[in-house]
Amino acid sequence: QVQLVESGGGLVQAGASLRLSCVVSGRTFDWYHLAWFRQAPGKEREFVAAMRWSGDSQHYADSLRGRFTISGDNAKNTVHLQMGSLESADTAVYYCAAAIRGGPVGSTVDEYNYWGQGTQVTVSS
């Protein structure tokens, strides 16, 4: 069993940066997959970034590569999402997710077993 709790969301102006955090509790192994997804009002949940808990195999949504960075702090059991040059289109609820499996890092909702409650990010233009 894995529990995920996100934090760090808020209201920022366009062009600002923001760092989200996700505390992971329960048993974890290096081959677990950790990911960030987001869901804007009226839209489906979409993939943002993912990595293995060991820190390798990072994978990003093509449209966000270069602005967003996923990283892990194993000592604190925390996964971060550093977001830069934020735009109004980045406004969404951001979710942390975990997959208890090996293999290639996934980018679809169905590949993840556990989800956090989400944290709201609002970017004003």
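In the block above lies the structure referred to throughout.
Rules behind the numbers
- Residues numbered from 1 in each chain as written.
- Predicted model: local features only at pLDDT ≥ 70, side-chain atom pairs only at ≥ 80, totals over all residues.
- Heavy atoms only, no water.
- Pairing = 2+ DSSP bridges.
- Helix = DSSP H or I, 4+ residues; strand = E, 2+ residues; numbered from the N terminus.
- Buried < 20%, exposed > 50% of the residue type's maximum accessible area, 1.4 Å probe, protein only.
- Lys, Arg positive; Asp, Glu negative; His and termini not counted.
- Salt bridge = Lys/Arg side-chain N within 4 Å of Asp/Glu carboxyl O.
- Contact = heavy atoms within 4.5 Å.
- Axes fitted to C-alpha atoms, helices over the stretch in contact; angles between N-to-C directions.

**Q** Describe the pairing of strand β7 (residues 68-73), and please don't skip the residues or the numbers.
**A** Of the pairings in the sheet, the one linking β7 to strand β8 (residues 78-83) comprises six bridges and is antiparallel in character. The residue of β8 that forms the bridge with Ser-71 is His-80. The turn linking β7 back onto β8 is made up of four residues, and Asn-77 within it adopts a positive phi angle of 50°.

**Q** With reference to specific residues and values, describe the side chain of Glu-6.
**A** Examined against the element boundaries, Glu-6 turns out to sit in strand β1 (residues 2-7). Salt bridges are absent for the buried Glu-6, whose nearest opposite-charge side chain, Arg-45, sits at 7.5 Å. Once you skip the residues sitting within four places of it in the chain, Glu-6 turns out to touch Ser-21, Cys-22, Trp-36, Tyr-94, Tyr-95, Cys-96, Gly-116, Gln-117, Gly-118 and Thr-119.

**Q** Please provide a residue-by-residue account of the sheet that holds β1, values included.
**A** Sheet architecture is open: four strands sit in the order β1-β3-β8-β7, paired in antiparallel fashion. What marks the edges here is a single partner per strand, and that holds for β1 and β7. Each strand of the sheet is rotated relative to its neighbour by a mean of 20°, with strand direction disregarded. Pairing analysis gives six bridges linking β1 to strand β3 (residues 18-26), with the strands arranged antiparallel. Note that in β3 the partner of Val-5 across the bridge is Val-23.

**Q** Break down the environment of Ala-35 for me, citing the residues and quoting the values.
**A** Examined against the element boundaries, Ala-35 turns out to sit in strand β4 (residues 33-39). For Ala-35 and Gly-8, which are 27 residues apart along the polypeptide, the C-alpha to C-alpha distance reads 16 Å. The residues contacting Ala-35, other than those within four sequence positions of it, are Ala-49, Ala-50, Ile-70, Tyr-95, Cys-96, Ala-97 and Tyr-112.

**Q** Describe the pattern of salt bridges, with residues and values.
**A** Counted according to the given criterion, the structure contains five salt bridges. In this structure, Asp-90 engages Arg-38 in a salt bridge whose closest nitrogen and oxygen atoms are separated by 2.9 Å. Pair noted here: Asp-90 is in the loop between β8 and β9 (92-99) and Arg-38 is in strand β4, with a separation of 52 residues, a long-range link. Taken as a pair, Asp-90 and Arg-38 share a single burial class, namely buried.

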